[in-house]
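Listed below are the residues making up each chain.
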Amino acid sequence: MSRIGKRPIPIPSKVTVTIDGQQVKVKGSKGELDWVLPDTIKAEQVGETVQVSRREETRTARESHGLSRTLVANMIEGVSKGFEKRLDIQGVGYRAQVQGRNLILNVGYSKPVEIVPPEGIEVKVENNTNVIVSGINKEVVGNTAAKIRAVRPPEVYKGKGIRYAGEIVRRKAGKAGKK
């Protein structure tokens, strides 16, 4: 039995969970999310918790049990607290700015790179070098942050590029000079 899947999901106050067959809808102060459970998984609300269990003991049911529980828990956390990813830009002349909803990155290319965030995602910039991606859907927040990082990933010789806050980039020694 999945250790993660067995754990009940507590529902905070001001969050409502509606389970209609395989459809799970979560509504909170930050917004509303819904997701369809796989056919092999069922969810039920027991008091102030949500319990996710398997309908059958097949391999696919065991595979998706813990995943389904985690996705429902992320939905509940997202509509109550929200998620955020922070990125740091390092490099001489590298900077970011927000223009309307779009993020403009000047990271050493001949033209600025413009990134249009998906619906429900908010992008902020602090000190021209710190980018904050926030939203209620953990998957979309992570994918948007990964797309921003992919514009100029950190390089190993000088350490220039866009990295996650707290990410450690191992540096390499350059070519040895001639004597």
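Refer to the preceding data block for the structure.
Anyway, here's the lowdown on the structure attached to this text. Please read all numbers here as calculations on a predicted model, not as lab measurements.

As a further point, take the side chain of Gln 22. Structurally, Gln 22 is set in the loop between strand 2 (16-20) and strand 3 (23-27). One polar contact links Gln 22 to Arg 55, side chain to side chain, over a distance of 2.6 Å. The contacts of Gln 22, once residues within four sequence positions are left out, are Trp 35, Val 36, Leu 37, Pro 38, Asp 39, Ile 41 and Arg 55.

On to the pairing of strand 9 (residues 102-106). In summary, the side chains of a regular strand alternate between the two faces of the sheet. With 5 of 5 residues buried, strand 9 is to be regarded as a mostly interior element. Burial along strand 9 is two-sided: the face carrying Asn 102, Ile 104 and Asn 106 and the face carrying Leu 103 and Leu 105 are both buried. Sheet analysis places strand 8 (residues 95-99) next to strand 9, joined by 5 bridges and oriented antiparallel. Bridge pairing in strand 9 places Ala 96 opposite Leu 105. From the end of strand 8 to the start of strand 9, which pair antiparallel, there are 2 residues, and Gly 100 there has a positive phi angle of about 70°. Hairpin geometry of strand 9 and strand 10 (residues 113-115) is characterised by an intervening segment of 6 residues between the two adjacent antiparallel strands and by a positive phi of about 90° at Gly 108.

This next bit is on the pattern of salt bridges. One pass over the structure, following the stated rule, counts 6 salt bridges. Between Arg 59 and Glu 63 there is a salt bridge, and its shortest N-O distance comes to 3.0 Å. You can see Arg 59 and its partner Glu 63 sitting in helix 2 (residues 59-80), 4 residues apart, about one turn around the helix. Residues Glu 167 and Arg 149 are paired through a salt bridge, measuring 2.7 Å at the closest nitrogen-oxygen approach. One end of the pair, Glu 167, is in the segment after strand 13 (161-164); the other, Arg 149, is in helix 3 (residues 138-151), with 18 residues separating them in the sequence. Look at the salt bridges and you will find they share partners, linking Glu 84, Arg 86 and Glu 126 into a network.

Thresholds applied
- Residues numbered from 1 in each chain as written.
- Predicted model: local features only at pLDDT ≥ 70, side-chain atom pairs only at ≥ 80, totals over all residues.
- Heavy atoms only, no water.
- Helix = DSSP H or I, 4+ residues; strand = E, 2+ residues; numbered from the N terminus.
- Polar contact = N/O pair within 3.5 Å; in protein donor to acceptor, adjacent residues only side chain to side chain.
- Contact = heavy atoms within 4.5 Å.
- Buried < 20%, exposed > 50% of the residue type's maximum accessible area, 1.4 Å probe, protein only.
- Pairing = 2+ DSSP bridges.
- Salt bridge = Lys/Arg side-chain N within 4 Å of Asp/Glu carboxyl O.

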